Structures are given as C-alpha cells and as structure tokens.
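Residue-level listing of the chains:
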Amino acid sequence: MSLERINPAELSPPTGFSHAVAATGSRLVFLAGQTALDSAGKVVGETLPEQFERALANLLSALADSGGAPADLARVTVYAVDVPAYRDCAAELGRIWRRLAGRDYPAMAVIGVVRLWDEQAMVELDGVAVLP
C-alpha cells in the first residue's frame, strides 16, 4: 500500500492538509463520522479543541481497530458548526492533529453545517483510509 501526497507548486502551500492523495492498496476503510462522544455516548469537551481532540481520537480508534494507522488516511472531512471559530482555533487544532496523527496529512475539507446529530457536538470527522 502506498499513499502519494501531491501538492502542486502552482497552488497555495497546503497547511495541515494535502491538495491530493493518490492511493494504491488492497483494502479501503470508510470511517463513519465521529464526534466527541465518550464510551457512554455522551458528548465531552466544552471547547472546540477539546471536542476536536476527542473526535479525532475516536476516528483513529476506529481506524486502528480496522488494522490501519494515521498515515493510511487518504481523505478526512471535517464538519464544523462554527467555521469562524474553527479558523480561530486552527493553530491549536493543527497541534492536536500532529500529536495524534503525525504529519502525513490526508486530502481534507472543512464544511460548515447548521448542526450535527448530537446538538452539543461542535465538530465531526469522517474519513477514508487505504490499507495494504
């Protein structure tokens, strides 16, 4: 399995994402949207960074149980109920990402939404991984 991260020089420099990811491998893992739910099904975290950290940890847990690692992520979509707040926290969210998932960034998008399934949730992440 291999992921090739493609960042053309004529595009703006990517910060915390890759412009494109070409994947070869034998197993695709589609990761369902994860919010900051704890094992009891309650949203935890009072701030966006706290919720982002838990949602990312949940996503990575599902990936690990599927036999994958953060470097196997080809695509992640972030759904945020407050995009300006997300932008304001971008540096901190980047530190959280690097601590939990490293520096092999997938292709990513942040999409503003009115609300998520759990009304207390501020952010949700889903993804696609390519495993050997």
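Heads up: the structure comes first, above all this text.
The structure displayed is predicted, hence computed values, not measured ones. (Residues numbered from 1 in each chain as written. Predicted model: local features only at pLDDT ≥ 70, side-chain atom pairs only at ≥ 80, totals over all residues. Heavy atoms only, no water.)

> Could you clarify how one ought to interpret the pairing of strand 4 (residues 73-80) in this entry?
Side-chain direction in a regular strand flips from residue to residue, so the side chains alternate between the two faces of the sheet. Judged by how many residues are buried, strand 4 sits mostly within the fold: six of eight residues are covered. Where strand 4 and strand 5 (residues 107-112) come together, six bridges link them in parallel fashion. For R75, the partnering residue across the bridge sits in strand 5 and is A107. (Buried < 20%, exposed > 50% of the residue type's maximum accessible area, 1.4 Å probe, protein only. Helix = DSSP H or I, 4+ residues; strand = E, 2+ residues; numbered from the N terminus. Pairing = 2+ DSSP bridges.)

> What is the right way to read helix 1 (residues 48-65) from this model?
Quick reminder: α-helices carry 3.6 residues per turn. Residues three or four places apart thus point the same way. The terminal C-alpha atoms of helix 1, which comprises 18 residues, lie 26 Å apart, in line with the 26 Å expected from a rise of 1.5 Å per residue. Taken together, the buried positions of helix 1 are L48, P49, Q51, F52, A55, L56, N58, L59, L60 and L63. Positive phi shows up at G67, right after helix 1, with a value of about 95°. (Expected span 1.5 Å × (residues − 1).)

> I would appreciate a short explanation of the nonpolar core in the present structure.
If you look at soluble globular proteins, the nonpolar side chains tend to sit buried side by side. Core analysis: the largest hydrophobic core is formed by 25 residues, its most contacted members being F52, L73, V76, W97 and L125. Broken down by element, this core gets its largest block of residues, seven residues, from helix 1. If we ignore the near neighbours within four places in the chain, the residues touching V76 are L59, W97, P106, A107, M108, A109, L125, D126 and G127. (Core = buried A, V, L, I, M, F, W, Y, C linked by side-chain atoms within 4.5 Å. Contact = heavy atoms within 4.5 Å.)

> Mind showing me how you'd approach helix 3 (residues 90-101) here?
Look at helix 3: 15 Å from first C-alpha to last across 12 residues, which is about the 16 Å you get at 1.5 Å a residue. Those residues of helix 3 that fall on the buried side of the exposure criterion are L93, G94, I96, W97 and A101. Projected down its long axis, helix 3 carries its buried residues within an arc of 160°, all on one side. A positive backbone phi angle near 85° is found at G102, which sits one or two residues after helix 3. (Arc of directions from axis to C-beta.)

> Please explain the pairing of strand 6 (residues 123-131) as it appears in this structure.
When you tally the buried positions in strand 6, you get seven out of nine residues, the bulk of the element. Sheet topology places strand 3 (residues 27-34) next to strand 6; six bridges connect them, and they run antiparallel. Bridge assignment links R27 to a residue of strand 6, and that residue is L131. Sheet analysis places strand 4 next to strand 6, joined by seven bridges and oriented antiparallel.

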